[in-house]
Amino acid sequence: MIVLKTKEEIELMRESALIVSKTLGMLAKEVKPGVTSLYLDKLAEEFIRDYGAEPAFLGMYGFPNSLCMSPNAQVVHGIPNNTPLQEGDIISVDCGALKNGFYGDHAYTFEVGEIAPETKELLKITKESLYVGIRETRAGNRVEDIGYAIQQYCEKHGYGVVRELCGHGLGRKMHEDPEVPNYGKRGRGKKLVNGMVLAIEPMINLGTKNIRQHKDGWTITTADGKPSAHFEHDVAIIDGKPELLSTFAYIYEALGITSNEEDGLRQVPLVL
């Protein structure tokens, strides 16, 4: 059952989403060679709690940490550990926060120092595909219109679009209906209406679309060992249009990046 949100509830969700955004912005300055994902995880937990929120992932379904930290060929759900990051790595950081009874949940794939050109291009196209999907998140469209747009954009660049994992509705539960796959056919799936809030999250592989799950029950890697990228935003449908609740602006501020990719996707001005 899809749970529609009032505008007041969406504003509470915006607060939760922006706590995640600020957490990722804080981490952006800390992701560098020699740092461990477990250290970053502890920083994030403290930061989220300092904002009066709870780390959403900690203990959820038995997950042991506050962040899913997935380097290189790991797609998602990587468990933080004491292995230092190395120059040339990438690492997907998926973060969640719970405040006022509502969840925020989004992700960004960071570069660790200088990375290979083909990997940099993978990150660029995956992030662009996220916004391609978001622009399809309009009242009257169907869920698979989002996935179709993401799939077409990524596959024309020769990348593998993961099938077994998908985005989802978001609200008082971390995972609500509907599921939002990153592939599909136009005109298929649930109709999009005002009040829906979706976590849209393309997971795109440099090589094959195929994945495998490890014995720890969590870690997902590409079947061919090539890198994977993951970017995620929280998006509400307001007045028929997509409204970004999360932002990468805090990351960009930390890294000195200029971007206009979120222009036109926010009715409520973002104040950094």
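Heads up: these notes are all about the structure in this document.

Let us look at the pairing of strand 8 (residues 176–180). In this sheet, strand 8 lies alongside strand 7 (residues 167–169) in antiparallel orientation, the contact comprising three bridges. Bridged to Gly-169 within strand 8 is Glu-176. Here strand 7 hands over to strand 8 after six residues, the two strands then running antiparallel side by side.

Turning next to the pattern of salt bridges. Evaluated as defined, the whole model comprises 13 salt bridges. A salt bridge links Asp-239 to Lys-7; the nearest nitrogen and oxygen atoms lie 3.4 Å apart. Here Lys-7 lies in helix 1 (residues 7–28) and Asp-239 lies in the loop between strand 14 (233–238) and strand 15 (241–244), a separation of 232 residues in the sequence. The exposure class of Asp-239 is partly exposed, given its relative accessible area of 49%. Measuring nitrogen to oxygen at the nearest pair gives 3.0 Å for the salt bridge that ties Lys-127 to Glu-261. Remark: Glu-261 occurs in the segment after helix 5 (249–255) and Lys-127 occurs in helix 3 (residues 117–134); sequence separation between them is 134 residues. Given a relative accessible area of 16%, Lys-127 falls into the buried group. Owing to a relative accessible area of 16%, Glu-261 belongs among the buried residues under this scheme.

Quick look at the sheet that holds strand 3 (residues 74–76) now. Ordered by their spatial adjacency, three strands build an open sheet running 3-12-11, and the pairing between neighbours is antiparallel. Lying at the two open borders of the sheet, with one neighbouring strand each, are strand 3 and strand 11 (211–213). Neighbour to neighbour, the strand axes of the sheet diverge by 40° on average, direction disregarded. Both strand 3 and strand 12 (residues 220–222) contribute to a ladder of two bridges, which runs antiparallel.

For a regular strand, the rule is simple: side chains alternate between the two faces of the sheet. Judged by how many residues are buried, strand 14 sits mostly within the fold: six of six residues are covered. Burial of strand 14 is two-sided: the residues His-233, Val-235 and Ile-237 facing one way and the residues Asp-234, Ala-236 and Ile-238 facing the other way are all buried. Pairing between strand 9 (residues 197–200) and strand 14: four bridges, direction antiparallel. The residue bridging Val-197 from the neighbouring strand is Ala-236, located in strand 14. Pairing of strand 14 with strand 15, which is carried by four bridges, proceeds in the antiparallel orientation. Residue pairing in the sheet places Val-235 in a bridge with Leu-244 of strand 15. Between strand 14 and strand 15, which follow one another and run antiparallel, lie two residues, and Asp-239 among them has a positive phi close to 50°.

Conventions we followed
Residues numbered from 1 in each chain as written. Predicted model: local features only at pLDDT ≥ 70, side-chain atom pairs only at ≥ 80, totals over all residues. Heavy atoms only, no water. Pairing = 2+ DSSP bridges. Helix = DSSP H or I, 4+ residues; strand = E, 2+ residues; numbered from the N terminus. Salt bridge = Lys/Arg side-chain N within 4 Å of Asp/Glu carboxyl O. Buried < 20%, exposed > 50% of the residue type's maximum accessible area, 1.4 Å probe, protein only. Axes fitted to C-alpha atoms, helices over the stretch in contact; angles between N-to-C directions.

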